[in-house]
Amino acid sequence: MKTVASFTIGYRQVLDQDGRIVDALPEFARDPAVLVDLYQRMSFTRVFDGKAVALQRTGKLGTYASSLGHEAAHIAIGVAMKPEDVFCPMYREYGVQFVRGVKPRHVLLYWCGDERGNDFTGPKHDLPWCVPIATQCLHAAGAALAFKLRHEPRVAVSVVGDGGSSKTDFYAAINSAGAYTLPYIGVIVNNQWAISVPRSAQTGAETLAQKGLAGGLRCVQVDGNDVIAMLAVMQEAIAHARRGEGGTVVEAVTYRLSDHTTADDARRYRPDDEVKQAWDREPLKRLRRYLEALGVWDEAKEQAWKEQCGREVDIEVNAYLETKSQPIESIFDYLYAEAPHDIAAQRAQAIALEGRPHG
Amino acid sequence: MKTVASFTIGYRQVLDQDGRIVDALPEFARDPAVLVDLYQRMSFTRVFDGKAVALQRTGKLGTYASSLGHEAAHIAIGVAMKPEDVFCPMYREYGVQFVRGVKPRHVLLYWCGDERGNDFTGPKHDLPWCVPIATQCLHAAGAALAFKLRHEPRVAVSVVGDGGSSKTDFYAAINSAGAYTLPYIGVIVNNQWAISVPRSAQTGAETLAQKGLAGGLRCVQVDGNDVIAMLAVMQEAIAHARRGEGGTVVEAVTYRLSDHTTADDARRYRPDDEVKQAWDREPLKRLRRYLEALGVWDEAKEQAWKEQCGREVDIEVNAYLETKSQPIESIFDYLYAEAPHDIAAQRAQAIALEGRPHG
Amino acid sequence: MAEITLIEAVTQALAYEIAHDPSVVVLGEDVGVNGGVFRATAGLHARFGSERVLDTPLDETAIAGLAVGMAFQGMKPVAEAQFDGFIYPMMDHIICHAARMRSRTRGRLHCPMVLRAPWGGGIRAPEHHSEAPEALFAHIPGLRVVIPSSPARAYGLLLAAIRDPDPVIFFEPKRIYRQYKEEVPDDGEALPLDVCFVLRDGSDVTLVTWGAHVKETLEAADALAKEGIYAEVIDVATVKPLDFDTIHESVQKTGRCVIVHEAARTGGIGAEIAAQLAEKAMFDLVAPVERVTGYDTPMPLFRLEMKYLPSVERILAAAKRTLAYR
Amino acid sequence: MAEITLIEAVTQALAYEIAHDPSVVVLGEDVGVNGGVFRATAGLHARFGSERVLDTPLDETAIAGLAVGMAFQGMKPVAEAQFDGFIYPMMDHIICHAARMRSRTRGRLHCPMVLRAPWGGGIRAPEHHSEAPEALFAHIPGLRVVIPSSPARAYGLLLAAIRDPDPVIFFEPKRIYRQYKEEVPDDGEALPLDVCFVLRDGSDVTLVTWGAHVKETLEAADALAKEGIYAEVIDVATVKPLDFDTIHESVQKTGRCVIVHEAARTGGIGAEIAAQLAEKAMFDLVAPVERVTGYDTPMPLFRLEMKYLPSVERILAAAKRTLAYR
Ligand SMILES: Cc1ncc(C[n+]2csc(CCOP(=O)(O)OP(=O)(O)O)c2C)c(N)n1
Ligand SMILES: Cc1ncc(C[n+]2csc(CCOP(=O)(O)OP(=O)(O)O)c2C)c(N)n1
Ligand SMILES: [Mg+2]
Ligand SMILES: [Mg+2]
């Protein structure tokens, strides 16, 4: 039998779980300041995350999806992208978004059930959080198609989970990106679980990266807990896309260290041991070790930075807590550019029910 | 960068376009009687097809989708399957269906807009023709899941086109088959065109077979005009599935020698030259050459067989033409096992409008 | 016999039917070891194993298509959409195949599947977790659409849905999953899939609703009773096929009808009920029909959701408007 | 100025808008070189090239999702579903994203897309090529749903749909794609997206319809006129938002209303119109509302389709039933 096509899937790791460099350092990583910046961003995200979970536990926030353990993947995506690129998140990529200028208060507003969270600071063209799993991948591909048709040197990046990589929309995005050679990067943040369903139950594929082959895309698997490898992979994928050479599927292998959301109890389905081992591979510790070995980080800096993060997060939390609920008419006021007659009467009725004069 | 997975896609051809054996003959193909049978079935399908197109042209049939050029792929699928397996067609696999016992009259009834065409002879568990492209792939996967759960040694086979292989449902079937290790064979009959859209515009993938990699399935590309290779590939895929080892994506490379349907005019979008060249590769001629070289077929046999086919098809056409339209109440009578009260009144009204007493 | 909640009644019905009919299989995201995000399938995986209770990959298209395929081959899949808002990718398989296969093949094949989904708002859940899409399915010939409003009706109607040889969409009002308990004997007794339930007799106005809003509607009826106005309260339960006769009988008595539902007003099930009143009960009505519904906007995020959902106050106001006519 | 058919008016509107607005892009299966399976995009690819007129891979989910993505980024995609029956896989992106993006982001992003599809039965086409799913979209807040019934209205309404900054579902009645020609100046003049068109004045009964059935409805009005009965005929045209005022005004005059549509009766747009009559026009009506619709079955294969679709005879009979009331 003749062979008509052959493929390999590579795996990228630079900084191993013990903080050792195991592959060639990318250019950017030679500058310790860059690495410290990456570390600080990851750390900020984690501080924020802890605070958000605490708010939920004390009844001050609705259901919240933690990003614990995903910091390296998220920060690398954010740092690799330009402001004019478009980011299409799922629901836990706060790290990416903080890099892009989204404020924590907006994350909190969203999870307290307020649409204004989606009207966030940061690139106005970025998509808001997307609850229907993987649909954002096609929107990213559509954005990429718009860039291509308008000859703009921009790229679109979407994130899905291991679970989301099973969804038809993700495949459709891959198919579209391949068919039109789009500047689209489909990142799979494989944290091993989709709520209670393990990675092994999602697919028979050896890697999730290889799904890109179905559309003729570049495919890379990367240690998603290694911010250096992750950033290198993202930079290469984005450069490739920006040159007009097409899309990439990136599988970032990581682990969800938290429950799925604050409404979930992972102990029902997930072995404690697995979680314990995953903590050995988590992204911050290894980078901190490496930075300490380089002599650019230490316990004092760590403490100072964490305190600074805490203060910044507190400011955001306060801004969030002070944000009053929207008036009921807001549900009508942004539905269409111009409200059709049929909702005008309903709007008036809704206001009247509050005993307020309507206008 | 470490390699974590590697794949090759093989291409299978045994009988080349000039009727030469270019690879090891599979066991079954050593018996000329088997090959003559395959040839005769292909030939019958073609005779039927010509007749159906003629019926449409003379106003005796609705829009019809020709199977011209697909005979090898179709007959091989039909012959490889057992009656208890489930076949999930798109809309032009008459060859498969004739092998399985579907009568031409039912094909004609369907294309003249009569649901009774779907209540065909042949395996009662086979699916009817499926117009919403690729949805049948998931039904096949669902059937395969039923077989697996019931521990039945049966397989489910679906067919999609090159166009259909872009559709999310096809990817979903691959994903499901891989995740559950299902006895599912997803055949892509790649005839190079999806109405006016060429294969090259559907995807950036080098082969359509490799789409199976997205779900961890076996993948094979085969000369779909070579009934010997095609049957070998189908037999292997089915045996693999029946052993409980999982599914296969088969890409059968062939060519649509006709318009898309009788409602289409391919001259608007397809170069004449391409079609001319495709005729050199069509499936019957090469097998006839080989059979003639073996001394088991000749012009006299050809004539006799064609006449026999013509007579058989005429009987079917007559049976079809004599089938009167269904009464209007048939649209109500098979909607539910037991008609709910809300449609009973409508049924009576519909009958009354015809001036018939209703019952 | 223990008292159980609505969601426990769902679990009880599923367990009963899995135990009694070998062709019943439950499938969906997280329905296995995890027992469902609401615990609707709690314990089923442990009791019946992974050949009867299947976690699926995360793809609603696949869940629907696989269920259809299994159903054609003689199984009775009970598929779950994890939330109402994730049911839309399933519509193609439901509309084009589940609903039509019997008719398309003149009875050769049929599709005995159930599609379950938690339904409706009011639990402070994230976006897309609080929708009421029943009207989209009720428009589709070949389907049945059921929304129970009590533990006993959840049990009896779900049994009926699974046993029905045709596809049934089964929406579970999640706001009242755990609202109260009642005794629900695990006797395998199904309820009919084509009748409305009259929950309260009355002579002055007919209040028609289904799902979680049965609660607010009964409360409105209580409040009216205090004023000496007697409302008849009807739980539609099976929104397709619609048992209009029961509604009609009531309106013949009361001359007034208020329809209450969570979904957006335009094109909701309330429209169909009001339309049938306009066709068949014009001369029975003394007052215009009233609809108290969700607004014609998407369900807002949860800070505003209770202002979106019909309140007792809105139901009362509508009832009183009808009572202004004599 | 040449006279053109409805489908030529569609092409003319597309060409006008592609030429005048650089953000307009047409995409769909076979819309490019082939010019569409009905020729709606004939000549556009040759004239505007493959950056304005894009063939897509064969996947409706992708077409919808790509269009949504393009629209968020400031383009105006005009996507095509090749037939009405293939629109269901698009619903998820339309419902969950296109219809909500403006509201979800409090105006930060919006979705100026059009989804076109040939619509309705009566052309002896294969299965799934003859459906009328407008009610499924009309129930969705945030959408507009338009169905023109003449060349001039097709041109003006399609221009309006493309220019509208929000998502519009644009159904083209394929049965009358080439029914007749009329002069349609290519002047770029759009029609309003929120009004019904009164096609014929009358005082005795109001006939309300849209799409291809405007023909049968006008014929019924002709037949009635021969008997001295004057029917007012209203083409709803934009089924969402529904211009109920125009219908109401007419019913205030005639006291009778017959609604005609192809789609299955239960939960069709006819239900919403009848419901609003029951709410707002109870005391204007002298006769019960009548709906003349497709039956509550799937559209049958084409041998029976003309018996499924409302006929002049059925419309007449319904009108006469209303006239029996004084
Ligand atoms: C279409 C759809 N189906 C189901 C859900 C419910 N749901 C929310 S998150 C989730 C699991 C997602 O897992 P994965 O994609 O791996 O992402 P992770 O949460 O692990 O980051 C599910 C099933 C949803 N949001 N959307
Ligand atoms: C979901 C869906 N979209 C569109 C169509 C219209 N359509 C019918 S056949 C066809 C092309 C199919 O091409 P391919 O899959 O290559 O199969 P072929 O006809 O070439 O055998 C299209 C677009 C359809 N039937 N279903
Ligand atoms: Mg995950
Ligand atoms: Mg093809």
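Quick caveat: nothing in here was measured; it's all calculated off a predicted structure.

**Student:** I'm lost on the site of ligand 1 in this one. Help?
**Tutor:** Close to ligand 1 lie 21 residues, the nearest being Tyr91(A), Arg92(A), Asp162(A), Trp193(A) and Glu60(C). Around ligand 1, the neighbouring residues derive from chains A and C rather than from a single chain. Within the contact set of ligand 1, an oxygen atom lies 2.7 Å away from a side-chain nitrogen or oxygen of Asp162(A). Within the side chain of His260(A), one N or O atom sits 3.4 Å away from an oxygen atom of ligand 1. When ligand 1 is considered free in solution it has 580 Å² of accessible area, and contact with the protein chains removes 96% of it. In terms of residue class, the shell around ligand 1 is built from 10 nonpolar, 6 polar and 5 charged.

**Student:** Mind showing me how you'd approach the coordination of the magnesium ion (ligand 4) here?
**Tutor:** Six octahedral donors around a metal ideally sit at 90 or 180 degrees from one another, while four tetrahedral donors ideally sit at 109.5 degrees. All names here are of chain B. Protein coordination of the magnesium ion (ligand 4) is provided by Asp162 (OD), Asn191 (OD1) and Trp193 (O), with donor distances spanning 2.0 to 2.1 Å. All donor residues of the magnesium ion (ligand 4) come from one chain, and their arrangement in sequence is D-x28-N-x1-W. Remark: Trp193 occurs in strand 5 (residues 193–194) and Asp162 occurs in the loop between strand 3 (156–161) and helix 6 (168–180); sequence separation between them is 31 residues. Judged on exposure class, the residue Asp162 and its partner Trp193 are both buried.

**Student:** Hey, could you run me through the environment of Val198(C) in this one?
**Tutor:** Residue and element names in this part refer to chain C. Relative to the helices and strands, Val198 resides in strand 9 (residues 197–200). The spatial distance from the C-alpha of Val198 to the C-alpha of Ile269 is 18 Å, given a sequence separation of 71 residues. Those residues in contact with Val198 that lie beyond four places of it in its chain are Glu232, Val233, Ile234 and Thr246.

**Student:** Looking at this structure, I do not really get the coordination of the magnesium ion (ligand 3). What am I missing?
**Tutor:** All names here are of chain A. At 2.0 to 2.1 Å from the magnesium ion (ligand 3) lie its protein donor atoms, namely Asp162 (OD), Asn191 (OD1) and Trp193 (O). A relative accessible area of 5% places Asn191 in the buried class. A residue is classified by how much of its surface remains accessible, and Trp193, at 8% relative accessible area, is buried.

**Student:** What should I look at first to understand the sheet that holds strand 14 (residues 290–294) of chain C in this one?
**Tutor:** Within a sheet, neighbouring strands are paired by backbone hydrogen bonds and run either parallel or antiparallel to one another. Residue and element names in this part refer to chain C. Reading across from one edge, 9-11-10-13-14 is the order of the 5 strands in this open sheet, with mixed pairing throughout. Only two strands of the sheet have a single neighbouring strand rather than two, namely strand 9 and strand 14. Recorded for the sheet is a direction-independent mean angle of 25 degrees between the axes of neighbouring strands. Packing against the sheet, helix 10 (residues 269–280) makes contact with strand 10 (205–209), strand 13 (257–264) and strand 14, and its axis sits at approximately 155 degrees to strand 13.

**Student:** Teacher, can you tell me more about the domain arrangement of chain A here?
**Tutor:** Interface extent is often summarised as the accessible area lost during association of the parts. Per the domain assignment, the segments of chain A are domain 1 (10–326) and domain 2 (327–359). A straight line from the C-alpha centre of domain 1 of chain A to that of domain 2 of chain A covers 38 Å.

**Student:** I'm lost on the sheet that holds strand 2 (residues 86–88) of chain A in this one. Help?
**Tutor:** An order of 2(A)-3(A)-4(A)-8(A)-7(A)-1(A)-1(B)-7(B)-8(B)-4(B)-3(B)-2(B) is seen for the 12 strands of this open sheet, with the pairing classed as mixed. Every interior strand has two partners, whereas the edge strands, strand 2 of chain A together with strand 2 (86–88) of chain B, have only one. Ignoring which end each strand starts from, the neighbouring axes of this sheet average 20 degrees apart. Note that strand 7 (residues 218–223) of chain B and strand 8 (residues 248–253) of chain B share 6 bridges and pair parallel. Looking at the pairing, Val220(B) lines up with Val250(B) of strand 8 of chain B. Where helix 8 (residues 227–242) of chain A meets the sheet, it contacts strand 1 (2–12), strand 3 (156–161), strand 4 (184–190), strand 7 (218–223) and strand 8 (248–253) of chain A, and its direction lies at approximately 165 degrees from that of strand 7 of chain A.

**Student:** Would you mind going over the interface of chain A and chain D with me for this structure?
**Tutor:** If you look at the interface, chain A gives 45 residues, while chain D gives 43 residues. Contact between chain A and chain D buries roughly 3400 Å² in total, counting both sides, with carbon and sulfur atoms accounting for 62%. Viewed at the interface, chain D and chain A are joined by 0 salt bridges. Summed over the shared surface of chain A and chain D, the number is 17 residue pairs in polar contact (both at pLDDT 80 or more). Where the side of chain A that touches chain D is concerned, the elements lending two or more residues are helix 5 (135–149), helix 6 (168–180), helix 12 (330–333) and helix 13 (341–353) of chain A. In terms of residue count, helix 5 of chain A provides more of the side of chain A that touches chain D than any other element does, 10 residues in total. Across the side of chain A that touches chain D, the residue classes tally to 23 nonpolar, 11 polar and 11 charged.

Rules used throughout
Residues numbered from 1 in each chain as written. Chains lettered and ligands numbered in written order. Predicted model: local features only at pLDDT ≥ 70, side-chain atom pairs only at ≥ 80, totals over all residues. Heavy atoms only, no water. Near = heavy atom within 4 Å. Polar contact = N/O pair within 3.5 Å; in protein donor to acceptor, adjacent residues only side chain to side chain. Areas by Shrake-Rupley, 256 points an atom, 1.4 Å probe, with all protein chains shown as cover. Nonpolar A, V, L, I, M, F, W, Y, C, P; charged D, E, K, R; others polar. Donors = N, O, S within 2.8 Å, 3.2 Å for Na, K, Ca; no water. Helix = DSSP H or I, 4+ residues; strand = E, 2+ residues; numbered from the N terminus. Buried < 20%, exposed > 50% of the residue type's maximum accessible area, 1.4 Å probe, protein only. Contact = heavy atoms within 4.5 Å. Pairing = 2+ DSSP bridges. Axes fitted to C-alpha atoms, helices over the stretch in contact; angles between N-to-C directions. Domains from an automatic or database assignment. Buried area = accessible area lost by both parts, 1.4 Å probe. Salt bridge = Lys/Arg side-chain N within 4 Å of Asp/Glu carboxyl O.

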